[in-house]
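Results of the structural survey
Okay, here's what each chain looks like letter by letter:
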Amino acid sequence: MSTSLDERTADPLPPLPPGSLRLIDLPQLTRDYLDSVQITLNRVTGNLVPGDEGTFSVRVTNGAVRLTSWTLHLFSSDADVATIKAEPGLVITYRLTGDRNTPTVEPGSTHDELFAFFLQDTPSEPNNVLEPDEVRDLRFSYVAEGAGDAVFTAHLHGTVDIDSLFPRGNGADATGDVTVRRPPSSPN
């Protein structure tokens, strides 16, 4: 079987309409989305002595994909210097793992690592759904344990809402007109 010059030089994938993607684009699009989620940690109370309490702020800026069941994973790099305090409250609950079925920690207890969980199945904010481009500002408490330097870290865990990413439906309908003529009348 021979191959013509046109077949060898033809692009095997024709160009797509604007806004379209190919399945092979999904890994890169996923990386782009993950890079678009921004978490900043700032406004850390400073100049504390052991036993003092302070706070730090976390801003979560979601990208273009709806996330559900999201949690914020908080760390202190050195529990001998600073620990995160599980503040009692109705909106945020704290657990030692990212599993919602894990028991909550004792309110007021301090830890080097905590998962912050938000309200489920409610429109009240903050809840456990991050809409596309949504920004959440949160404040957490910590306890100065001893002299030294530590770093607080925050990142999120969540589930991509597949139905919003890939909406279900039939898509656009294609139409084609048809005309059926009457059969010729027969002379009787």
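What comes next is a walk through the structure.

1. Quick look at the overall build of the protein chain
- Secondary structure summary: the protein chain contains three helices and ten strands in total.
- Tracing the protein chain from N to C terminus, the helices and strands come up as α-α-β-β-β-β-β-β-β-β-β-β-α.
- For the protein chain, with 188 residues in total, the buried portion stands at 29%.
- The contacts of the protein chain with a sequence gap of at least 6 include a subset with a gap of at least 24, amounting to 70%.

2. Focus on the pattern of salt bridges
- Inspection of the entire model under this criterion finds six salt bridges.
- The residue K85 makes a salt bridge to E53 at a minimum N-O spacing of 3.0 Å. With K85 in strand β4 (residues 82–85) and E53 in strand β2 (residues 53–61), this pair connects stretches of sequence that are 32 residues apart.
- Residue classification places E53 among the partly exposed residues on the basis of a relative accessible area of 45%.
- Between E134 and R136 there is a salt bridge, with the nearest N and O atoms lying 2.8 Å from each other. One exposure class covers both E134 and R136, and it is buried.
- Each of E53, K85 and E87 takes part in one network of salt bridges that share partners.

3. Comments concerning the side chain of K85
- Relative accessible area serves as the criterion here: at 14%, K85 is assigned to the buried category.
- Polar side-chain contacts of K85 include one of 3.0 Å to the side chain of E53.
- The contact partners of K85, leaving out residues within four places of it in the chain, are E53, Y94, G108, S109, T110, L114, S141, Y142 and V143.

4. Considering the packing of aromatic side chains
- Applying the stated criterion across every chain yields a total of six aromatic pairs.
- Here Y94 and F140 contribute two aromatic rings whose centre-to-centre distance is 6.5 Å and whose plane-to-plane angle is 75 degrees, an arrangement assigned as edge-to-face. Separated by 46 residues along the polypeptide, Y94 in strand β5 (residues 92–95) and F140 in strand β9 (residues 135–144) bring together distant segments of the chain. For the residue pair Y94 and F140, the accessibility class agrees, reading buried in each case.
- Of the aromatic side chains, those joined through ring pairs into one cluster are F56, Y94, F140, Y142 and F152.
- Across the ring face of F117, the terminal group of R95 is positioned such that the distance to the ring centre comes to 4.7 Å.

5. What about the sheet that holds strand β1 (residues 38–42)?
- Across the sheet, which stays open at both edges, the five strands sit in the order β1-β2-β9-β4-β6 with antiparallel pairing between neighbours. Lying at the two open borders of the sheet, with one neighbouring strand each, are β1 and β6 (110–111).

6. Brief notes about the pairing of β2
- In this sheet, β2 lies alongside β1 in antiparallel orientation, the contact comprising five bridges. Each residue of the ladder has a partner; that of L41, found in β2, is V58.
- As judged from the nine bridges shared by β2 and β9, these two strands associate in the antiparallel manner. Residue pairing for β9: V60 is matched across the bridge by R136.

7. Points about the nonpolar core
- The biggest cluster of nonpolar side chains holds 25 residues, and the ones touching the most others in it are L72 and F140.
- Among the elements of the structure, β2, β3 (67–76), β4, β5, β7 (113–118), β9 and β10 (152–160) are those that each provide at least two residues to this core.
- Per-element accounting of this core gives the leading share, four residues, to β3.
- Ignoring any residue separated from it by four or fewer positions in sequence, one finds F140 in contact with G54, T55, F56, V58, L72, L74, I92, Y94 and A116.

8. Regarding the side chain of D161
- Along the chain, D161 falls in the loop between β10 and α3 (162–165).
- At a separation of 2.7 Å, a polar atom in the side chain of D161 contacts the side chain of R66.

9. Observations concerning the pairing of β3
- When you tally the buried positions in β3, you get eight out of ten residues, the bulk of the element.
- In terms of strand pairing, β3 meets strand β8 (residues 129–130) through two bridges, oriented antiparallel. Looking at β8, one finds that T68 is bridged to V129.
- Bridge analysis of β3 against β7 gives five bridges, and the strand direction is antiparallel. Bridged to F75 within β7 is E113.

Cut-offs applied
- Residues numbered from 1 in each chain as written.
- Predicted model: local features only at pLDDT ≥ 70, side-chain atom pairs only at ≥ 80, totals over all residues.
- Heavy atoms only, no water.
- Helix = DSSP H or I, 4+ residues; strand = E, 2+ residues; numbered from the N terminus.
- Buried < 20%, exposed > 50% of the residue type's maximum accessible area, 1.4 Å probe, protein only.
- Contact = heavy atoms within 4.5 Å.
- Salt bridge = Lys/Arg side-chain N within 4 Å of Asp/Glu carboxyl O.
- Polar contact = N/O pair within 3.5 Å; in protein donor to acceptor, adjacent residues only side chain to side chain.
- Phe/Tyr/Trp six-rings, centres within 6.5 Å; stacked < 30°, edge-to-face > 60°.
- Lys NZ or Arg CZ within 6 Å of the ring centre and 35° of its normal.
- Pairing = 2+ DSSP bridges.
- Core = buried A, V, L, I, M, F, W, Y, C linked by side-chain atoms within 4.5 Å.

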